[in-house]
Amino acid sequence: MTLMAPPPLDQQEDDEMLVPHNDLADGPQPMEVAPAETASAVDAQSVDDPPSARFTWTIDNFSRLNTKKLYSDIFIVGGYKWRILIFPKGNNVDHLSMYLDVADSATLPYGWSRYAQFSLSVVNQIHKKYSIRKDTQHQFNARESDWGFTSFMPLGELYDPGRGYLVNDTCIIEADVTVRRVIDYWSHDSKKETGYVGLKNQGATCYMNSLLQTLYHIPYFRKAVYHMPTTENDMPSGSIPLALQSLFYKLQYSDTGVATKELTKSFGWDTYDSFMQHDVQELNRVLCEKLEDKMKRTVVEGTIQQLFEGHHMNYIECINVDYKSTRKESFYDLQLDVKGCQDVYASFDKYVEVERLEGDNKYHAEQHGLQDARKGVLFIDFPPVLQLQLKRFEYDFMRDTMVKINDRYEFPLQLDLDREDGKYLSPEAERSVRNLYTLHSSQLLLVFSVLVHSGGVHGGHYYAYIRPTLSDQWFKFDDERVTKEDMKRALEEQYGGEEELPQANPGFNNSPFKFTKYSNAYMLVYICESDKEKIICNVDEKDIAEHLRIRLKKEQEEKEQKRKEKAEAHLYTIIKVACSEDLFEQIGKDIYFDLVDHAKVRSFHIQKQMPFNLFKEEVAKEFGIPVQFQRFWLWAKRQNHTYRPNRPLTPQEEAQSVGQLREVSNKANNAELKLFLEVEIGQDLRPIPPPEKTKDDILLFFKLYDPFKEELRCVGWLFVKGSGKPLEILTRLNEIAGFSSDQEIELYEEIKFEPNVMCEHIDKKLTFRASQLEDGDIICFHKSPPVGSGEQCRCPDVPSFLEYVHNRQVVRFRYLEKPKEDEFCLELLKLHNYDDVVERVARHLGLDDPSKIRLTSHNCYSQQPKPQPIKYRGVDHLSDMLVHYNQISDILYYEVLDIPLPELQGLKTLKVAFHHAAKDEVVIHTIRLPKQSTVGDVINDLKAKVELSHPSAELRLLEVFYHKIYKLLFIFRFFHNEKIENINDQYWTLRAEEILDEEKNLAPNDRLIHVYHFMKDPAQNQQVQNFGEPFFLVIHEGDTVAEAKVRIQKKLQVPDEEFAKWKFTFLSLGRPEYLQDSDIVSSRFQRRDIYGAWEQYLGLEHSDNAPKRSNAANQNRHTFEKPVKIYN
């Protein structure tokens, strides 16, 4: 898995991002002691350098843990203290969350860091080889003291007792930790060291980076991309050709790592896609298909085919009659088996292996009927660039999941596909063409590149070894870092398999320690020896369109200018000058609190050596204010977090340089110097020299509030005497406000606004000093309300208005079923409680009962709704609904329920697919019952809703998963006391059906067997793929396959012509054994536990011709990762 800092949006899902868990306060929390007893053991490896150890954590009573998070005991590796942190019910996801934590991070000295490679595992206690393990590496520090996997494994899989991860309610977790020295990647200059630059990782885009580097280093491909027509009006973010041209240009001419954001934006991807790791093979196909389409009707049309397209011939040849069927097919890459194959040649041998079609598997030849035949594949021609996808990932039938094959698999530097007199070639192949290839990337005919995957099936890291010129020098392209590598590292070390660590004490008879190498070649690219001069061609600037060169050179110049400015930044300082116009324009529009937003005022980039008096001339040019009329004030941040003008500059300070003044004025060592420009205006509206300021003078700023319009604006500033009183300036305030001179007004001091608003009434009879007013303070005022006035205002005075402004929040509401579309906005207050919010939503929707509104918070990382909705009155305020860790959202999702939410929360909702006994139909029923109800209550509720074949019919309730019957929840009146709150229909389909009379009256030797439909998937190495609806079949002692066929055909109502094509098999653990009509069925099924025999079943092999239903009963396809899509 690609390492990353927490994303600016939510990770996760599987494949998930590696992130530090961020549910904790700074530093480790006290361990929350659960009622479970935990045992631990550390098995140290006998390896001194680097220090490694395995820690085993046994957790009893796992399913009864009632704590959100749980820490293991502390263990020591490399002299450091570590511990495991888990979230048994998930860290706000429906997966087990697990992290490695630095146990003593709170007490370590400032600036500490340590680097570790580690794996975390949940042990399968039935078959250890099915344990789930995830590997990663991280540099731990005070900010990221824990690291791991938020979505380690689905909770449904973990808590399923049949899977083997919880045995006797005990979970076993292992951590393998290797502590290594910290590597300084930052000082490495890839361009200087290798002549090449890398690609920046956007979050989880290492798989894309390795592929792009491979394609870029095929010069013929790069030249074709450059020649795709684009114009200067195109934008890279909206044009895949231009984005790819821009990327390749930067890889060719840039000195630093290149970003891929423009390219992924041109794909139509959002940030979430960039944090979702995909399959590099799939991306390769999708990208090439998209480029092939974009190249049509251009000068480079057909380039993809010319480079990557080869052809093979599928044939079936009858043995006893003269009949042969052939079909020519094209390919852009070849998928080669790794399991059971020693090397690439063994995989090609297997690819062209002849399959005999005989017995029950005879071939139906036209005009000859069923015949024994040979079936196979031979190659007509190979492409100039041969891409070999190594099948490192395989489907495991026992676990219904993908596993990674880490077996040793060798590949040669030169690949001879003419070997053994052209054994891989068809008779139609052109024998004069030499099929000798060189490895380019571990990816050869001459090996050109090798793409490597490091990690497991659930996540990992991709990088590529490439030799761009086919010389002996290899380069490793690992995101931004490019390094020179030798041939052994690029080839032999990527074969996979096991590696033996040297013994720590050779003199002792201790067994060697072997470990599996999880980094191994995943894709090989070979270049044909006879085509290498054409493929490895020269690409220079004349191949690049002029508008593209101009655009990209301009970008490079701007980038260089920024770099230069950054390098010279220590010679300059930023001076931000706020003036009266800024106050008048911003207060009441952009801001309400304080005086100005400094990001929106005039900014000057000034050399530090410039005398300040010379800078004043720059200000005179910018503002049109002569130097003699300028007076500058320094801003100061107060202890209450407000920011106000504090004091004017002294003549001595103005005589200094800008740099000296900044250092004196800014103890926070900020690069910016912030000033307020005071300009006094005379009666003729022209600037006049500022008055001399004495110690008794106080500079006050004034804001005017209109309660009826709910408007606040700045009306200027005044100097007052500290010994004076507010009564003395009332006439002046009325004048600048445009009131009559005798208008009664109320005065308030705006003191602070964070975390709460403080705005206090000012006693007009007290002196300004007595009211503790000082330079930079703000006085807000408004008309005093007339006595007995009946006019009502929402915010009648300044404090109430500022409180309202501080707490108001515009919330965007989205319908939960359309999570990408804003439906309406409401202005609410952060202090609104749960009832206030749902009442406002209900009112907007015209709904009488607000309790039928259910809200769901927004995940800022994934830009999706959180998995769990907000419980009824489960939060105190609106602000709690909008917070996601340390980020604030303005999005809420809503849904309208058919019953009040408090009532719904007390119920368990199940969706049950009812299969009618006589009709070929499936109806989904929603069952809502109190959580303490039993499975028997579900059956009784269902009986009242469905149409039974007769009143006394009995029902059974099944769990169906992947078109197999996994568990019986209710049969006759057994199992009826199981509580429904333990049933999870999120992962399983619940199916109800009538029990047939013959099933109720089984003889002692009768069997009730499972019958499943299946077909073999040619894309998955002929692996069994179940489909359709599984069912039970009664088998009597002595029943033959022929007799079972008659009953099955009648039950399923399959026409004779189609049923004749069906094959009957006995399957055990996913391996089919084809049956003859005379075989005795019951002899195969020895198990008495008829309702738990899902791993043994009678298989019906045939094509899936049934129309796909759209109901939930047929929607239990489980995805392992999001498919790659390029939208533009």
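It should be emphasised that the depicted structure is a prediction, and the values quoted were computed from it without experimental measurement. Within every chain, residues take consecutive numbers counted from 1 along the sequence as written. For a predicted model such as this one, the threshold for reporting local features is a pLDDT of at least 70, and the threshold for listing and counting side-chain atom pairs is 80 or more; totals across whole chains, interfaces and linings nevertheless cover every residue. Only hydrogens and water are set aside; all other atoms, that is, all heavy atoms of the structure, feed into the side-chain values.

A. Spotlight on the nonpolar core. The biggest cluster of nonpolar side chains holds 53 residues, and the ones touching the most others in it are Phe 221, Phe 248 and Phe 308. The element contributing the most residues to this core is helix α5 (residues 240–253), with eight residues. Only heavy atoms enter the contact rule, under which two residues are in contact if any of them lie within 4.5 Å. Excluding its chain neighbours within four sequence positions, the residues that come into contact with Phe 308 are Leu 215, Ile 218, Phe 221, Cys 288, Phe 331, Tyr 332, Pro 383, Val 385 and Gln 387. One finds Leu 334, Phe 348, Ile 380 and Leu 390 within the second-largest nonpolar core, a separate group that totals 39 residues. We call a set of buried residues a nonpolar core when its members are Ala, Val, Leu, Ile, Met, Phe, Trp, Tyr or Cys and they connect through side-chain atoms within 4.5 Å of each other. Partly exposed residues are those whose accessible area sits between 20% and 50% of the maximum for their type, while under 20% is buried and over 50% is exposed, using a 1.4 Å probe and protein chains only. Helix and strand labels come from DSSP, where a helix needs a run of H or I of at least four residues and a strand needs a run of E of at least two; each type is numbered from the N terminus.

B. Up close: helix α20 (residues 798–807). Of all the ten residues making up α20, seven are buried; the element is thus mostly covered by neighbouring parts of the structure. Looking at α20, one finds that the buried residues are Val 798, Phe 801, Leu 802, Tyr 804, Val 805, His 806 and Asn 807.

C. How the structure looks around the sheet that holds strand β38 (residues 697–706). One open sheet accounts for five strands, arranged β39-β38-β42-β40-β41; its pairing is mixed. Both outer strands of the open sheet, β39 (711–721) and β41 (758–761), are each paired with one neighbouring strand and no more. Averaged over all pairs of adjacent strands, the angle between strand axes in this sheet comes to 30°, irrespective of strand direction. Strand pairing is assigned whenever DSSP identifies at least 2 bridges connecting the two strands. Relative to strand β42 (residues 777–783), strand β40 (residues 745–752) runs antiparallel, the two sharing six bridges. Helix axes are fitted only over the stretch in contact, all axes being lines through C-alpha atoms; the angle between N-to-C directions runs from 0 to 180 degrees.

D. Main features of the sheet that holds strand β32 (residues 602–607). Pairing in this open sheet of five strands is mixed, and the strands run β32-β31-β35-β33-β34 from one edge to the other. Each edge of the sheet is formed by a strand with only one pairing partner; in this case those strands are β32 and β34 (643–648). In this sheet, neighbouring strand axes are inclined to one another by 40° on average, regardless of whether the strands run parallel or antiparallel.

E. Looking closely at α5. Given a rise of 1.5 Å per residue, 14 residues ought to cover 20 Å, and the 20 Å separating the end C-alpha atoms of α5 matches this to within 8%. Of all 14 residues in α5, 13 are buried, a share of seventy percent or more. By definition here, a helix of n residues has an expected span of 1.5 Å times n minus one.

F. Up close: the confidence of the model for the protein. For every residue, the predictor reports its confidence as pLDDT, a number between 0 and 100. Per-residue confidence for the protein gives a mean pLDDT of 81; residues scoring 70 or more make up 83%. For the stretch residues 22–49, pLDDT sits under 50, and the model shows 73 contacts to residues farther than four places along the chain or on other chains. Throughout residues 501–512 the model reports pLDDT below 50, and contacts reaching past four residues in sequence, or to other chains, amount to twelve contacts.

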